Amino acid sequence: MTDMHSNDGPYLSVEDLVVHFPTADGIVKATDGLSFTLGRGKTIGVVGESGSGKSVSSSAILGLHRGSSAQVSGRIVLGGTDLLMLSDEEMRLRRGKEVSMIFQDPLSAMHPYYTVGNQIAEAYLVHNDVSKKAARARTLEMLERVGIPQPDRRIDDYPHQFSGGMRQRAMIAMGLINDPGLIIADEPTTALDVTVQAQILDLLQDLQREFNSAIIIITHDLGVVAEMADDVLVMYAGRAVEYGPTKDVLTHPQMPYTWGLLSSVPDVQGDTNAALIPIPGNPPSLLNPPTGCAFHPRCVHRSKVPADLCTTTLPELLPGSQGPGHTKRCHLADPDELYRTEILPEIMPDLIVED
Amino acid sequence: MVAYIIRRLIAGVVLLVVMSIVTFALFFASPIDPAQFACGKNCSPAMKAQTAASMGYDDNFFAQWGKFAKGVFVGRDFPDDPKLKITAPETIAHCAAPCLGYSKERTSTVTDLIKQTMPVSLSIAVVAFAFWIIGGVLLGVIAALKRGTLIDRGLVGLSLVLYAFPTFFIGLLLLKFVAIQWNWVPVPEYTPIAEGGITGWLSSLLLPAITLAVFFMAGYVRMTRAFVLESLSEDYVRTARAKGLPKRTVTFKHALRAALTPIVTMAGLDFAGLMGGAIITESVFNYPGLGKLAVAANTDFDLPTLVGLVILLASFVIIANIIVDVLYAVIDPRVRLS
Ligand SMILES: Nc1ncnc2c1ncn2[C@@H]1O[C@H](COP(=O)(O)OP(=O)(O)O)[C@@H](O)[C@H]1O
Ligand code: SF4
Ligand SMILES: [Mg+2]
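It should be emphasised that the depicted structure is a prediction, and the values quoted were computed from it without experimental measurement.

Q: I'd like to hear about the site of ligand 1, residue by residue, with values.
A: All names here are of chain A. In the vicinity of ligand 1, the residues found are Phe 21, Val 28, Ala 30, Glu 49, Ser 50, Gly 51, Ser 52, Gly 53, Lys 54, Ser 55, Val 56 and Leu 286. Interatomic distance of 3.1 Å between a backbone N/O atom of Ser 52 and an oxygen atom of ligand 1. A distance of 2.8 Å is found between an oxygen atom of ligand 1 and a backbone nitrogen or oxygen belonging to Val 56. Here ligand 1 has 570 Å² of accessible area as a free molecule, and 61% of this is covered by the chains. In terms of residue count, helix α1 (residues 54-62) provides more of the shell around ligand 1 than any other element does, 3 residues in total. Along the lines of polarity and charge, the residues of the shell around ligand 1 split into 5 nonpolar, 5 polar and 2 charged.

Take a look at the structure:
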């Protein structure tokens, strides 16, 4: 691994990231001022309902919006280099080598016409000046490492001949073959059934320990976050609405949207007493997001905020009661009290170990 | 894969049989009495019955079809009359296998008629195919890769305009200006390779092939563009980019490979359709191809020729279907390995 890590500052630092898509109907503000940091070997969970801008934001880190009409601004500093300042070619050489991505649906994310081995080896060959034979050997090694049985036979199979779980393992092998410092896993288990989900998450964690890579795991499932992430960033309508250490956010969530997500977690621990309450309403359009707090049309607590602040003024992302490392974007004056008295009794603390 | 091909072949044979029966039935049910027609104006009922018998029109439907089918494999005689064979063998026309019928109108076996005319149609189709595939697919890919630019809009606009022009109009335009007015090429006249060599043959085909190709090319530009755009937005193309592959690998190895598969299918079927003769193009340039033969046979109610042509044409389409299906299996492992 080439160590481009500068000694000061975190391995990855995203600062005020903006991704806007100009369309015929107006500008889609898919990401609107996103900031977070991530250290080597650490994991951040990005959570939010579908359409909140998670994939768009993480694709920006890989530079996948280059060559499209998307307007991207801010800073994405990885190992001391601002990725947004790089030329297209410099960015390409880092893609799959220093940052790689594991996608949600491995069946559609793999090319149906090429063998699994061909597609994984291709990722290795493009960044390493080695023979095809060496690339194949390395591919076999990776397939073995991610737990594909009989890799020497499966290497020449096509994606459709693999099971869903095996395909995702193969995708992970493809993503990790160049030993990247940063792995972005975009809903890596959403398309899989529950038992396989757990295996894939375990595999990712094992590999992370082995390679000391940083992981951004995108999910709409706080259960996944609870298991994997050191930090969690809750996204709504293209913005962070709550951000802090996972344990802190899960035990002292500071704003109504996070409460809603907590209420809608399926019982991870198998606790059948846990109520499953989906958040009423739909995520807003990013073309015309609501004024003020984007969550206000769905928020049942906005009457507790004086002077229509919720509908008129966008709350800033500020520290709450839990110290400077845990920020939230909400006008509520005393969310802790509200959470303890109104929310907690309703959802049964299946994720919350202590209070 | 082998089992798949065998299945497709069997299905193809069944389809051919059914198709020929249907074709026969259609002509059998036609209000025109071919015997009456062959017998002429001053035809007594007796003469008509004799004509019908000599042409085999007095048999029932399945017997007629059976004779036809048998003729395809072993040939047959017209009229099939053992007595006449001894008394006046010179009045019997032998139609060797594969026999598709005998045209009294043209005093020739249908097979011979097809043998004379098919090279013309095939030549036009092959050269037109080359033009439209190379031109249409290439321009379509360029339009897709330059999406939204002036080049893209120009190509799409031009293809729309060309698509809207009727084929005969384009043919007449080319004939009038390129050949007659400006004299860039001689007025086209079909020249077989045996006579004019490859160059003579090709140059005699230039204008008819362009005429025919323009229409298809316009369609293929837009179709290719749509398929390429669709495949560029596929998840696996994003994966290819995320791996850090250079743009040309992403485009050619990943996006185009998938986009061109449906185009292979369309091209195969369109080509098969053209084998039966490009009726309008052949008429405009007065080329003696299958299309022209069909028009002529239709005009003078030459039923045997029409039946033979329809069955030939339909067979081409069925065979092309089988070839395309097999190609699909070769290209797409999901078909091959399921
Ligand atoms: N290329 C694009 N052009 C316009 N809008 C887009 C584009 N890509 C994504 N979007 C929009 O951005 C929003 C966020 O999408 P996404 O990041 O995929 O959400 P998530 O991953 O959180 O489900 C969606 O509303 C989506 O429609
Ligand atoms: S700012 Fe107001 S509307 Fe937004 S989450 Fe807080 S209370 Fe609800
Ligand atoms: Mg997504």
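Okay, back to it.
Q: Help me get a handle on the nonpolar core, residues and values and all.
A: By size, the foremost hydrophobic cluster in this structure holds 103 residues, and its most contacted members are Leu 12, Phe 36, Ile 61, Leu 182 and Ile 216 of chain A. The greatest single-element share of this core, amounting to 7 residues, is contributed by helix α8 (residues 194-211) of chain A. Residue contributions to this core reach at least three from each of two domains, namely domain 1 (107-179) and domain 2 (253-354) of chain A. With near-sequence residues (within four places) excluded, Ile 61 of chain A lies in contact with Leu 12, Val 14, Phe 36, Ile 76, Leu 83, Met 91, Val 99, Leu 182, Ile 184 and Ile 216 of chain A. Ile 124, Ala 209, Met 223 and Phe 285 of chain B belong to the second largest nonpolar core, which has 37 residues in total.

Q: So what's going on with the pairing of strand β4 (residues 71-78) of chain A? Which residues, and what values?
A: A regular strand places its side chains on the two faces of the sheet in alternate fashion. All names here are of chain A. When strand β1 (residues 12-23) meets β4, the two strands line up antiparallel, connected through 7 bridges. Each bridged residue has a counterpart across the sheet, and for Leu 12 the counterpart in β4 is Leu 78. Bridge analysis of β4 against strand β5 (residues 81-82) gives 2 bridges, and the strand direction is antiparallel. Opposite Leu 78, over in β5, you have Thr 81 as the bridge partner. Connecting β4 to the antiparallel partner β5 that follows it, the hairpin turn spans 2 residues, and Gly 79 within it adopts a positive phi of roughly 55°.

Q: So what about the sheet that holds β4 of chain A? Which residues, and what values?
A: All names here are of chain A. The strand order across the open sheet built from 4 strands is β2-β1-β4-β5, with neighbouring strands paired in antiparallel fashion. This sheet does not close on itself; its edge strands, each paired only once, are β2 (26-38) and β5. Helix-sheet contacts for α1 involve β1, β2 and β4, and the interaxial angle to β1 is about 115°.

Q: Explain the packing of helix α8 (residues 167-181) of chain B against helix α9 (residues 193-232) of chain B residue by residue, including any values.
A: All names here are of chain B. It is the contact of α8 with α9, at a shortest axis distance of 9 Å, that shows an interaxial angle of 145°. The handedness of the crossing between α8 and α9 is right-handed. Here Thr 167, Ile 170, Gly 171, Leu 174, Val 178 and Ala 179 of α8 come into contact with α9, specifically with Leu 207, Ile 210, Thr 211, Val 214 and Phe 215. When the residues that make up the contact of α8 with α9 are grouped by side-chain class, the tally is 8 nonpolar, 3 polar and no charged.

Calculation criteria
Residues numbered from 1 in each chain as written. Chains lettered and ligands numbered in written order. Predicted model: local features only at pLDDT ≥ 70, side-chain atom pairs only at ≥ 80, totals over all residues. Heavy atoms only, no water. Near = heavy atom within 4 Å. Polar contact = N/O pair within 3.5 Å; in protein donor to acceptor, adjacent residues only side chain to side chain. Areas by Shrake-Rupley, 256 points an atom, 1.4 Å probe, with all protein chains shown as cover. Helix = DSSP H or I, 4+ residues; strand = E, 2+ residues; numbered from the N terminus. Nonpolar A, V, L, I, M, F, W, Y, C, P; charged D, E, K, R; others polar. Core = buried A, V, L, I, M, F, W, Y, C linked by side-chain atoms within 4.5 Å. Buried < 20%, exposed > 50% of the residue type's maximum accessible area, 1.4 Å probe, protein only. Domains from an automatic or database assignment. Contact = heavy atoms within 4.5 Å. Pairing = 2+ DSSP bridges. Axes fitted to C-alpha atoms, helices over the stretch in contact; angles between N-to-C directions. Left-handed = near helix turned anticlockwise from the far one by under 90°.

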